[in-house]
Amino acid sequence: MTLAPKPITSLQNESVKAIRALEMRKVRKQTGLFVAEGASILITARDNGFRPETLVYRAGSVTGAAPRGLVDWGLQAGAKVLEVSEAVLGKLASKDNPQSMLAVFRQRWAELPDPKTVGGAEVWVALEEVRDPGNLGTIIRTVDAVGAAGAIVIGAACDPYSRECVRATMGSVFAVPLVKTTREAFLDWAERWTGDVVGTQLEAREDFRKVAYKAPTLLVMGSEGPGLSEALAAACTRTVKIPMAGGLDSLNLAVATALMLYQIRGPHLTL
Ligand SMILES: C[S@@+](CC[C@H](N)C(=O)[O-])C[C@H]1O[C@@H](n2cnc3c(N)ncnc32)[C@H](O)[C@@H]1O
């Protein structure tokens, strides 16, 4: 294993500046890159066939087999492998729960699948203008947990490749196909869906636990603020509600999505 000769100590280093710039959404969009932090998330990236463009570790932290394996993976992938001082890593890593290793990857975006080729047991989740990266990350993680096929972000949504969202996915961002689309393109595509298109709405009359969902299922969730738009609700073959007993208006979006996914995917899940 060949490591970088001297730790980088300057925040003016070009590679360090380029990684810091990825905190800005516009830079992630321009470059198509994003940052993921922490050895276990990087192992998930490796397991899912991602290759780092740059891999950074804190000087003195590569001691065990797992971090050494990650550095070797970076070198074999032809990545820039940078040893940095604690101070520099402190500026690159997140402030809460900072990690000693992070890497830069190329984003992957999938296309909307051809409805004719979608498998019978597949469940896709579509999210209208999801705004909270913590919610989006939690949903991507849940999509992974239940073995759903992928997540579709519609319209003016937050960025799945933001630091906060990537962290909330706990690595599932590397495993779950992600599609980004406009509302118009989604509506055209959803017309050709062969199973149920299930919208979730507070005004719906059907209890989500009492429905036989026709597979393949496309689950459509509304935005945190306004909920499901009329246009998307009209595209659904049915709308359902998750009953509540307390005085609140609604559930958190990620919680509602998890309840729906466990209901729809339940028969496929075993201990
Ligand atoms: C925080 S809620 C939005 C609440 C919004 N004020 C509304 O009127 O729909 C975000 C999304 O989670 C889902 N959701 C939350 N609670 C729900 C419930 N009890 N039944 C069905 N869907 C729910 C819906 O998709 C909703 O659009």
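For every chain, the first residue of its written sequence is number 1, and the numbers climb from 1 along that sequence. Per-residue local features are limited, in this predicted model, to residues with pLDDT of at least 70; the limit for side-chain atom pairs, both in listing and counting, is 80 or more; totals at the level of whole chains, interfaces and linings are taken over all residues. With hydrogens and water stripped out, all remaining heavy atoms of the structure feed into the side-chain values.

Description of the sheet that holds strand E9 (residues 206-207)
Thinking step 1. Strand order in the open sheet made by the seven strands is E7-E6-E5-E10-E8-E11-E9, with parallel pairing throughout. Each end of this open sheet is capped by a strand with a single partner; those strands are strand E7 (178-181) and E9.
Thinking step 2. Two strands qualify as a pair provided DSSP detects at least 2 bridges between them. Only DSSP runs of H or I reaching four residues or more are called helices, and only runs of E reaching two or more are called strands; each is numbered from the N terminus. Bridge count between strand E8 (residues 197-200) and strand E10 (residues 217-221): three bridges; the pairing is parallel. Note that in E10 the partner of Val 197 across the bridge is Leu 218.

Focus: the pairing of E10
Thinking step 1. Classification of residues uses two cut-offs on accessible area relative to the type maximum, computed with a 1.4 Å probe and protein chains only: under 20% is buried, over 50% is exposed, and between them is partly exposed. The element E10 is largely enclosed, with a buried count of five among its five residues.
Thinking step 2. The side-chain alternation of E10 yields two buried faces, one formed by Thr 217, Leu 219 and Met 221 and the other by Leu 218 and Val 220.
Thinking step 3. Here strand E5 (residues 123-128) runs beside E10; their pairing, made up of five bridges, is parallel. Directly across from Ala 126, in E10, lies its bridge partner Val 220.

Observations concerning the environment of Val 146
Thinking step 1. Turning to its location among the elements, Val 146 is positioned in helix H6 (residues 133-146).
Thinking step 2. C-alpha separation for the pair Val 146 and Gly 119, spaced 27 residues apart in sequence, amounts to 16 Å.
Thinking step 3. Any two residues having at least one pair of non-hydrogen atoms within 4.5 Å are treated as being in contact. Here Val 146 is in contact with Leu 261, Tyr 262, Arg 265 and Leu 269, once residues within four sequence places are set aside.

Quick notes on the packing of helix H3 (residues 39-47) against helix H4 (residues 65-76)
Thinking step 1. As a packed pair, H3 and H4 sit with axes 11 Å apart at the nearest point and diverge in direction by 45°. The orientation of H3 with respect to H4, classified from their angle, is oblique. H3 and H4 meet at a crossing whose hand is left-handed. In this structure, H3 contributes Ala 39, Leu 42, Ile 43, Ala 45 and Arg 46 to the contact, and H4 contributes Gly 69, Leu 70 and Trp 73. Only C-alpha atoms enter the line fits that serve as axes; for helices the fit covers just the stretch in contact. Angles between N-to-C directions range over 0 to 180 degrees. Any angle between 65 and 115 degrees counts as roughly perpendicular, while under 35 counts as roughly parallel, over 145 as roughly antiparallel, and the rest as oblique. We call a crossing left-handed when the near helix sits turned anticlockwise from the far one by less than a right angle, and right-handed when that turn is clockwise.

Examining empty space enclosed by the protein
Any space left empty among the atoms is revealed by the rolling of a water-sized probe across them.
Thinking step 1. Every definition here rests on a 1 Å grid over the protein atoms only: cavities are sets of points where a 1.4 Å probe fits but cannot get out, pockets are open sets enclosed by protein on both sides within 12 Å along at least five of seven lines, and lining residues have some atom within 4 Å of a point. Grid points are joined across faces, edges and corners, and a volume is the space filled by probe spheres set on the points. All told, the structure shown has one cavity of 30 Å³ or more when counted by the stated rule.
Thinking step 2. In this structure, the largest cavity occupies an estimated 50 Å³ of space.
Thinking step 3. In terms of lining residues, the largest cavity is bounded by Leu 22, Glu 23, Arg 28, Val 35, Tyr 161 and Arg 163.
Thinking step 4. Any residue that is not Ala, Val, Leu, Ile, Met, Phe, Trp, Tyr, Cys, Pro, Asp, Glu, Lys or Arg is counted as polar, Gly included; the first ten are nonpolar and the last four charged. For the lining of the largest cavity, the residue count by class is three nonpolar, no polar and three charged.

Digging into the environment of Arg 58
Thinking step 1. Counting through the fold element by element, Arg 58 comes out in strand E2 (residues 54-58).
Thinking step 2. For the pair formed by Arg 58 and Ala 87, sequence separation is 29 residues and the distance between their alpha carbons is 9.0 Å.
Thinking step 3. Sequence-distant contacts of Arg 58, defined by excluding residues within four places in its chain, comprise Val 84, Glu 86, Leu 89 and Ser 100.

Things to note about the nonpolar core
Thinking step 1. The criterion is simple. A nonpolar core is a set of buried Ala, Val, Leu, Ile, Met, Phe, Trp, Tyr and Cys residues joined through side-chain atoms within 4.5 Å. Ranked by internal contacts, the top residues of the largest apolar core, which has 51 residues, are Phe 105, Phe 174 and Met 260.
Thinking step 2. Among the elements that line this core, the one with the most residues is helix H10 (residues 253-265), at six residues.
Thinking step 3. Composition of this core by domain shows at least three residues from each of domain 1 (14-106) and domain 2 (115-268).
Thinking step 4. With residues near it in sequence (within four places) discarded, Phe 174 still touches Phe 34, Ala 36, Ile 41, Thr 44, Ala 45, Asn 48, Phe 50 and Phe 105.
Thinking step 5. The next biggest cluster of nonpolar side chains, apart from the first, holds 18 residues, and it includes Ala 126, Val 197, Val 220 and Ala 233. In this document the domain limits rely on a domain assignment from an automatic tool or a database.

Focus on the layout of surface pockets
Thinking step 1. Space inside the largest pocket adds up to approximately 430 Å³.
Thinking step 2. Thr 200, Leu 202, Gly 227, Ser 250 and Leu 251 are, among the 21 residues lining the largest pocket, the residues nearest its centre.
Thinking step 3. Here the lining of the largest pocket is composed, by residue class, of 10 nonpolar, eight polar and three charged.
Thinking step 4. Space inside the second largest pocket adds up to approximately 170 Å³.
Thinking step 5. Grouping the constituent residues of the lining of the second largest pocket by class yields five nonpolar, five polar and three charged.
Thinking step 6. Looking at the lining of the second largest pocket, you find at least three residues from each of domain 1 (14-106) and domain 2 (115-268).

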